[in-house]
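Read off the chains here:
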Amino acid sequence: MDLTLAADADRIPALLDTVRDHAGRVLAGLADRPAAGSPRQGPARPLPEHGIGTERALAEFAARWEPGFSASAGPRYLGFVTGGATPAAVAGDWLATAHDQNVAATHDSSATDLERETLRWLGELLDLGTAHSGAFVTGATMSNLVGLAIGREWLGERAGISVAEDGAAALGPVPILSGAAHSSVFKALAMLGLGRKNLRTIPTLDGREAVDPDRLAEALDALDGRPAIVVANAGTVNTVDFDDLRAVAALRERYPFWLHVDGAFGAFAALSPAHEHLVAGLAEADSVCVDLHKWLNVPYDSAAQFTRRKDLQLRVFQNAAAYLGVPADDPAFVHLTPENSRRLRALPAWFALAAYGRQGHREIVERDIALARRLGQRIEELPGLRLLAPVRLNVVCFTLAENPTPERVNALAEVIAADGRAFLTPTEYDGTRALRAAFSNWRTTEADVERIAEAIADAARAVPPSR
Ligand SMILES: *Cc1c(COP(=O)(O)O)cnc(C)c1O
């Protein structure tokens, strides 16, 4: 054995204590670190011929790389839709690494059953009913990909072919209809050979990002009975708007289509009695995408996909190999997901749900919604800023009141990021350059919202009138 490795192996508990202390300091200091990191990294170094051991590697990491890391796990990082990691989720993640299970097959570990239990819990949490089965994947993009792949196979079934066997070309062009699809849906279509250009954007309701069900019905009607895929949205990233899922699902009585719902973070509205109506009908979907590294607050990378047609999922993803055996009624995850070897990414979610339960997670969701509302009110009061949409759930979408050119709004984002108290990402909504503040971290408090509002107000004053 390499001497440095052997020396590390002799003192694993002590090394992990050192790393634990370090991680404890990182987490304790999250609220004081600048929300945005800096990509600067200094000169590249060559591959070491001989290693320096874990302790010195930690010191080098702490000196060279860590100072540039963002506080994305912290309370005032509001860019994209970014969750943190609850204490139980961190613990589960560490143990997933320590046990290093490969949740591919079923015969040598209880890890598969742990993943199944976690998925059942998630289904209950999100009110999915019992008709869906699920699997863990790395993120909502992959969850969308799996759902659309099953939908593609369903189209094949209707045409009397198997796309998995015969290829996407055998299907011909597929109409994919959606109101305000997330960018990752286009990416999934590209990966699946369905093609980005085949997504037809259906008009949304006036002043909304929710699809107009009448216009969707018209588009389906125009297909003359040709089966399609409809991607419904439960939580758009700019204004967190929701398609009327029940109205969309009801269209299946008249038109043949696979209903995929992208509920990456919006599905968590089900946890709040005041907002659960937004996701009414979710259980009627043929496939559902839910991100877990957003509002469940587990570490990256974690999402779940659910479907009613595990049989079709098996056709697409089965990994026929003699040593893995023939898939049975309850196929191993290796036969259901893009990955073959798979990390036990269910464990952080299992820990989070075991530790805090439905009520603990409901509190996080409701608090984040209340904090977004509060920031929305503060933005309305602040001179120089205006809301671009009502705060429907956990995202505040706003811009400069005067002259919101892309240059000025980008400058606002840059000033906020450089200040460090908060981090927000720019977007374009309704033809206007804007900023989004997305609340999905368990750590954020009302005091944070005050600091965020002050940082935004200071930055708005600092942006030059025109650039
Ligand atoms: C974040 C998000 C995605 C993509 O999720 P990843 O986890 O980054 O792959 C897809 N859809 C919606 C609505 C999202 O918010």
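Cut-off values and rules
Residues numbered from 1 in each chain as written. Predicted model: local features only at pLDDT ≥ 70, side-chain atom pairs only at ≥ 80, totals over all residues. Heavy atoms only, no water. Helix = DSSP H or I, 4+ residues; strand = E, 2+ residues; numbered from the N terminus. Rg over C-alpha atoms; globule rule 2.2 N^0.38 Å. Buried < 20%, exposed > 50% of the residue type's maximum accessible area, 1.4 Å probe, protein only. Contact = heavy atoms within 4.5 Å. Areas by Shrake-Rupley, 256 points an atom, 1.4 Å probe, with all protein chains shown as cover. Lys, Arg positive; Asp, Glu negative; His and termini not counted. Charge placed at Lys NZ, Arg CZ, Asp CG, Glu CD. Salt bridge = Lys/Arg side-chain N within 4 Å of Asp/Glu carboxyl O. Pairing = 2+ DSSP bridges. Axes fitted to C-alpha atoms, helices over the stretch in contact; angles between N-to-C directions. Phe/Tyr/Trp six-rings, centres within 6.5 Å; stacked < 30°, edge-to-face > 60°.

Visitor: Could you give an account of the overall build of the protein chain, with specific residues and numbers?
Guide: Each helix and strand counted, the protein chain has 14 helices and 11 strands in total. What you see for the protein chain is a C-alpha radius of gyration of 24 Å, in line with the 23 Å of a compact globule of 467 residues. Here the C-alpha coordinates of the protein chain stretch approximately 65 × 60 × 45 Å along the principal axes. Taken over 467 residues, the protein chain has a buried fraction of 51%. Across the protein chain, the fraction of contacts at a sequence separation of at least 24, relative to all contacts at a separation of at least 6, is 72%. As displayed, the protein chain has an accessible area near 20,800 Å², and 53% of this comes from carbon and sulfur atoms. Side chains of the protein chain carry 47 positive and 59 negative charges; the gap between the two charge centres is 3 Å.

Visitor: Now, about the pattern of salt bridges: what can you tell me, with residues and values included?
Guide: Per the stated rule, a full pass over the model turns up 29 salt bridges. One salt bridge connects Glu157 with Arg315, and the closest N-O pair in it is separated by 3.7 Å. Of this pair, Glu157 sits in helix H6 (residues 140–159) while Arg315 sits in helix H11 (residues 310–317), placing them 158 residues apart in sequence. Residue Glu157 is classed as partly exposed on the basis of its relative accessible area of 31%. One continuous salt-bridge network, built from bridges that share partners, spans Glu153, Glu157, Arg309, Asp311 and Arg315.

Visitor: Account for the environment of Arg408, with residues named and values stated.
Guide: Tracing the backbone shows Arg408 in helix H13 (residues 406–419). Residues Arg408 and Arg342, spaced 66 residues apart in sequence, show a C-alpha to C-alpha distance of 45 Å.

Visitor: So what's going on with the sheet that holds strand E3 (residues 199–201)? Residues and values would help.
Guide: Read across the open sheet, the seven strands follow the order E1-E7-E6-E5-E4-E2-E3; overall the sheet is mixed. Each edge of the open sheet is held by one strand with a lone partner, namely strand E1 (133–137) and E3. Between one strand axis and the next, the sheet turns by 20 degrees as a mean value, whatever way the strands run. Alignment of E1 against strand E7 (residues 303–307), held across five bridges, turns out to be antiparallel. Across the sheet, the residue bridging to Val137 is Ala303, located in E7. Relative to the sheet, helix H5 (residues 111–125) contacts E1 and E7, its axis offset from that of E1 by approximately 110 degrees.

Visitor: Talk me through the packing of aromatic side chains; I want residue IDs and the actual numbers.
Guide: We describe a pair of aromatic rings using the distance from one ring centre to the other and the angle between the two ring planes. Throughout the structure, instances matching the rule amount to six aromatic pairs. Aromatic side chains Trp154 and Trp258 sit 6.1 Å apart centroid to centroid with 45 degrees between the ring planes, which places their arrangement in the tilted category. Linking Trp154 in helix H6 with Trp258 in strand E5 (residues 257–262), this pair joins segments that are 104 residues apart in sequence. For the residue pair Trp154 and Trp258, the accessibility class agrees, reading buried in each case. An aromatic cluster is built from Trp121, Trp350 and Phe351, whose rings are joined through pairwise contacts.

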